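# Topology and contacts: notes
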There are 2 protein chains.
Amino acid sequence: MSHKKFQKPTDAELEILQVLWAHGPSSVRFVNDQLNAIRKIGYTTTLKVMQIMVGKDLVNRNTDARTHIYEANVSEAETQSKLLENFLDTAFRGSATRLVMQALGNHQTSRQELAAIKNLIEKIENQE
Amino acid sequence: MSHKKFQKPTDAELEILQVLWAHGPSSVRFVNDQLNAIRKIGYTTTLKVMQIMVGKDLVNRNTDARTHIYEANVSEAETQSKLLENFLDTAFRGSATRLVMQALGNHQTSRQELAAIKNLIEKIENQE
DNA sequence: AATGATCTACGAATGATTTCGTAATGCAAT
DNA sequence: ATTGCATTACGAAATCATTCGTAGATCATT
C-alpha cells in the first residue's frame, strides 16, 4: 500500500471531484458542462485543472480513446474527512462539538436525520 | 442596517481574528506575539494583514494613540456560521447531516459533549 | 537635540491558484 | 484528401494571499 501524503484539493479541484463523485468517470466536456450549469468557466480551464489533478493523483485518466476519461482517485468520504479536520482546526479551533452544534442549529435538519445522529451518538457512547 | 456582503477571511486573517476574539482589542505587537507562540511570523507581516483587514471591515482600528488598537468587527459565532455554510457547500454539497456524522465519528468527543449535542437535538425535535 | 527603540505606511517579491489563448493533433463527413 | 470540429497540450497572464524590507514618523531617554 502506497503512502502518498494527502494533497488538499483546491476549490476548483473540489468542484471537479464533486462532479466525478456524483456521476462517475467522465470526459472533460461533461465535467465542464456540469460546472457551467453553476458558473461560467472555459473549457480549457477545466481541462487544465483536471490535468493538474492527474499530477496530484487526485484523479486517474484513461487515455485509450481520443477523449480522455477521468475518474476520481480519492474517495468522497476520505476527502471530506480530511478537509473537515483541516477546517475544524482553522475555523473552530478543533472543537468538533462547537462545529456540530452550529451545523445543527443553523440548518434545516429533518426528523429522520436528527434521529440518525442521535443513534450515532448513542453508538459512540456505548463504545467506550 | 448595512448590507455588506460576507468577505470570507483568509487563513492568515482568521488566525488574527482568533487572537482578537480571545483577548479583545489589541495592538499589532500583542497579536504578533500571540501568533509567534505558535509559528514564526514577522511583525510587519502581521501589521500588513491587519491593515488589509481594516479595508475589508473585518476589524476596526483606533488610531488615537501612536500604537493603534485593533478590534474584531465580526463576531466569532457569525463568522463561524458563514464559514461553515461555505464549507458545507464546497465540501459536503450542503448536507449538514453528513458533516455532523463525519465530525462525530472521526473525533474524540467527550461524554459531556455528546450529551450536550443530544440535548440540542432534542430541543430541535421539540421545536417543530 | 541626539540616539535608539518602536511603530506605521508602502511597495514589491514570492508562491499558489485560476484562467484562458494558441497551437497541434485526431476524427468525421463530405 | 480537404474541411471543419472537438480534443489535448502547453505556456503564460491574471489574480490572490502571504511575506517582508525599507523608509519615515513618533516617542522616550539621555
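See the structure shown above.
Note that this is a predicted model, so its numbers are computed, not measured. (Residues numbered from 1 in each chain as written. Chains lettered and ligands numbered in written order. Predicted model: local features only at pLDDT ≥ 70, side-chain atom pairs only at ≥ 80, totals over all residues. Heavy atoms only, no water.)

## Quick word on the protein's contact with DNA strand D
Taken together, the neighbourhood of DNA strand D is formed by 23 residues, with R29, Y43, R66 and H68 of chain A together with T10 of chain B sitting nearest. By atom count, sugar and phosphate contribute 65% of the portion of DNA strand D lying within 4 Å of the protein. Here a phosphate oxygen of DNA strand D sits 2.7 Å away from a polar atom, N or O, in the side chain of R29 of chain A. Within the side chain of K40 of chain B, an N or O atom sits 3.0 Å from a phosphate oxygen of DNA strand D. The dominant element in the surface near DNA strand D, judged by the number of residues it contributes, is helix α3 (residues 43-55) of chain A, at 5 residues. Its residues placed into classes, the surface near DNA strand D shows 6 nonpolar, 8 polar and 9 charged. (Near = heavy atom within 4 Å. Polar contact = N/O pair within 3.5 Å; in protein donor to acceptor, adjacent residues only side chain to side chain. Helix = DSSP H or I, 4+ residues; strand = E, 2+ residues; numbered from the N terminus. Nonpolar A, V, L, I, M, F, W, Y, C, P; charged D, E, K, R; others polar.)

## Focus on unusual backbone geometry
One non-glycine residue, D57 of chain A, adopts positive backbone phi at about 65°. By the element assignment, D57 of chain A lies in the loop between α3 and β2 (59-62).

## Things to note about the pairing of strand β3 (residues 69-72) of chain B
All names here are of chain B. Strand direction decides the pairing type here: strand β1 (residues 26-27) and β3, joined by 2 bridges, are antiparallel. Each residue of the ladder has a partner; that of S26, found in β3, is Y70. Examined bridge by bridge, strand β2 (residues 59-62) and β3 share 4 bridges and lie antiparallel to one another. Paired with R61 across the strands is Y70, a residue of β3. Remark: 6 residues form the turn of the hairpin made by β2 and β3, two consecutive strands paired antiparallel. (Pairing = 2+ DSSP bridges.)

## A closer look at the interface of chain B and chain A
Much of the literature gives interface size as the accessible area that the parts lose upon coming together. On the side of chain A, 41 residues touch chain B, which itself brings 42 residues to the contact. Both faces considered, chain B and chain A share a buried interface measuring about 4300 Å² in area, 62% of it formed by carbon and sulfur atoms. Joining chain B to chain A, the criterion identifies 2 salt bridges. Inspection of the region where chain B meets chain A yields 5 residue pairs in polar contact (both at pLDDT 80 or more). If you list the elements that add at least two residues to the side of chain B that touches chain A, you get α1 (11-23), α4 (76-92), α5 (96-106) and α6 (111-127) of chain B. The element contributing the most residues to the side of chain B that touches chain A is α4 of chain B, with 13 residues. Classifying every residue of the side of chain B that touches chain A by side-chain character gives 21 nonpolar, 10 polar and 11 charged. (Contact = heavy atoms within 4.5 Å. Buried area = accessible area lost by both parts, 1.4 Å probe. Salt bridge = Lys/Arg side-chain N within 4 Å of Asp/Glu carboxyl O.)

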